[in-house]
Amino acid sequence: MIDFARLQRLVERLQTRAQQPVPANLVLLITADVQIGQVQPALARFIAQRVRGFEWTDGTLAMSRGACDFDSRSALLAEAAARLRETGMVRGWRDEQLAVGKPALATLERAACRPLGITTEAVHLNAYVTADALIVARRSALKQIDPG
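Now for a quick tour of the structure. Keep in mind it's a predicted model, so treat the numbers as computed, not measured. One numbering rule holds for all chains: residues counted from 1, following each sequence as written. The predicted nature of this model means local features are confined to residues of pLDDT at least 70 and side-chain atom pairs, given and counted, to a pLDDT of 80 or more, with totals for whole chains, interfaces and linings taken over all residues. To get the side-chain values, all heavy atoms of the structure are used, and hydrogens and water are removed first.

Section: the pattern of salt bridges
Think of a salt bridge as a Lys or Arg side-chain nitrogen and an Asp or Glu carboxyl oxygen that are within 4 Å of each other. A full pass over the atoms with the stated rule returns 4 salt bridges. A salt bridge links Arg110 to Glu96; its shortest N-O distance comes to 3.1 Å. On the criterion of sequence distance, the pair formed by Arg110 in helix H4 (residues 110–113) and Glu96 in the loop between helix H3 (70–86) and strand E5 (97–100) is long-range, its members being 14 residues apart. In this scheme, a residue with accessible area under 20% of its type's maximum is buried, one over 50% is exposed, and one in between is partly exposed, where area comes from a 1.4 Å probe on protein chains only. The exposure class of Arg110 is partly exposed, given its relative accessible area of 26%. Between Lys102 and Glu121 there is a salt bridge, with the nearest N and O atoms lying 2.4 Å from each other. With Lys102 in the loop between E5 and strand E6 (106–109) and Glu121 in the loop between H4 and strand E7 (127–130), the pair connects residues that are 19 residues apart, well separated along the chain. Per the convention used, a helix needs a DSSP run of H or I reaching at least four residues, while a strand needs a run of E reaching at least two, with both numbered from the N terminus.

Focus on the nonpolar core
Nonpolar cores are built from buried Ala, Val, Leu, Ile, Met, Phe, Trp, Tyr and Cys residues. Side-chain atoms within 4.5 Å join them into one set. In this structure, Leu29, Ile47, Phe54, Leu77, Leu108, Leu116 and Ile118 are the most contacted members of the largest nonpolar core, which totals 29 residues. Secondary-structure elements contributing two or more residues to this core are strand E1 (27–31), strand E2 (34–39), helix H2 (41–50), strand E4 (60–63), H3, E5, E6 and H4. Ranked by residues supplied to this core, first place goes to H3 with 5 residues.

Observations concerning the sheet that holds E2
Here a strand pair is declared whenever DSSP counts at least two bridges between the two strands. Ordered in space as E2-E1-E4-E3, the 4 strands form an open sheet in which the pairing is mixed. A strand with exactly one partner marks an edge of an open sheet, and here the two such strands are E2 and strand E3 (54–57). Sheet twist, expressed as the average angle between the axes of neighbouring strands with direction ignored, equals 25 degrees. As judged from the 5 bridges shared by E1 and E2, these two strands associate in the antiparallel manner. Within the sheet, the bridge partner assigned to Leu28 lies in E2 and is Gln38. Strands in contact with H2 are E1, E2, E3 and E4; relative to E3, the strand with the most contacts, it is inclined by about 135 degrees. Angles run from 0 to 180 degrees between N-to-C directions of axes, and those axes are lines fitted to C-alpha atoms, restricted for helices to the stretch in contact. Contacts are residue-level and defined by heavy atoms, with any inter-residue pair within 4.5 Å sufficient.

In structure tokens form, the structure reads like this:
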């Protein structure tokens, strides 16, 4: 028999974790006049100081106008991600490029998406085995981000 009370408590706990308030002081990350992410101010300063091609002004971290096509924007994001990785600000490097923006404006290493406040997508699968048994997927305990 399905323990609906237990399932409801799980849902509430997961929703609380997933619906954390967004910090008010985030810096917008802009490319091609489109917001692609939101960055902590210290991280924005770091990128602006160490990666030529980013400018930090008026609460935004923007790619320079020279990054005007998909490949140049991707290269600039890759350089920023590499600098963040070198200092330990990005962990769990996967060598997996994800599209950034809709439509895609660039690509970026998956591990750098979260620190740069760039939204990613994922698929989760749960299944009823019988009328009284539900299998709920659980993230691997070995994952660097949100294990278990």
